[in-house]
Amino acid sequence: GAGVSQSPSNKVTEKGKDVELRCDPISGHTALYWYRQSLGQGLEFLIYFQGNSAPDKSGLPSDRFSAERTGGSVSTLTIQRTQQEDSAVYLCASSPIKVVAGYYNEQFFGPGTRLTVL
Amino acid sequence: GNSVTQMEGPVTLSEEAFLTINCTYTATGYPSLFWYVQYPGEGLQLLLKATKADDKGSNKGFEATYRKETTSFHLEKGSVQVSDSAVYFCALRVVGNEKLTFGTGTRLTIIP
């Protein structure tokens, strides 16, 4: 079946502009995650959605970052007033969630969106 | 808090060499441990995992043993191939929290 898809694959923007990054998770996966991969910082968790629960936003670096997940499927990560330090690869992942002791809910990653802020 | 420290790269080896990539962790709670791999032009993939102390994860000739006493999860392979060239990430997840905490990644290049 289809994997996690992300769009656009590349985005170049000017400092101060807003950008929207899209993630289409694997059908049926109830959990969705956003991570950021940047030079010198490695892979950082940003936000996690699970079903109808309130999202875990503990990884968002500032209030310029926000994310939505509509209808429990597609998610959009929005960065307002972009800064050069926002340049990174933004990764989305999804997983099925089974609440079973000892079961690991593997996260499946998309190819990422490379964001460059000039 | 939770953190993962892995050896700095890049690492360059000849084909058929022995590989070790070190990974140590700190965690609040009991973590599960993972190695993810990112091949050139591809997305992150789970390589192997271990969910409790002394477990050994293995896949594609790679192995890693969960060592609670040394808080380590070193990745090893006895004979690397050119196709193993990739970036490797060590990661952990604490029970009750689905998010992954990653190391900074180690770029591995295998030369023929």
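A brief report on the enclosed structure follows. Bear in mind the structure is a predicted one, so any value in this text is a computation, not a measurement.

1. Notes on the packing of aromatic side chains
Residues and elements named next belong to chain B. Considering all chains together, one arrives at 13 aromatic pairs over all chains under this definition. Ring geometry for Tyr30 against Tyr66: centres 6.1 Å apart, planes inclined by 35°, an arrangement best described as tilted. Here Tyr66 lies in the loop between β8 (62-65) and β9 (75-77) and Tyr30 lies in the loop between β4 (23-26) and β5 (31-38), a separation of 36 residues in the sequence. Tyr30 gets classed as partly exposed once you look at its relative accessible area, which sits at 34%. For Tyr66, a relative accessible area of 1% translates into the label buried.

2. Digging into the state of the cysteines
Evaluated as defined, the whole model comprises 2 disulfides over all chains. Between the sulfur atoms of Cys23 of chain A and its disulfide mate Cys92 of chain A the distance is 1.8 Å. With the S-S dihedral at roughly -65°, the linkage between Cys23 of chain A and Cys92 of chain A falls on the left-handed side. With Cys23 of chain A in strand β3 (residues 19-24) and Cys92 of chain A in strand β8 (residues 88-95), the pair connects residues that are 69 residues apart, well separated along the chain. The disulfide partner of Cys23 of chain B is Cys90 of chain B, and the S-S distance across this bridge is 1.9 Å. Taking the sign of the S-S torsion, about -70° here, the bridge from Cys23 of chain B to Cys90 of chain B comes out left-handed. Taken together, the residues Cys23 of chain B in strand β4 and Cys90 of chain B in strand β10 (residues 86-94) connect sequence positions 67 residues apart.

What counts, and where the lines are drawn
Residues numbered from 1 in each chain as written. Chains lettered and ligands numbered in written order. Predicted model: local features only at pLDDT ≥ 70, side-chain atom pairs only at ≥ 80, totals over all residues. Heavy atoms only, no water. Phe/Tyr/Trp six-rings, centres within 6.5 Å; stacked < 30°, edge-to-face > 60°. Helix = DSSP H or I, 4+ residues; strand = E, 2+ residues; numbered from the N terminus. Buried < 20%, exposed > 50% of the residue type's maximum accessible area, 1.4 Å probe, protein only. Disulfide = S-S within 2.5 Å.

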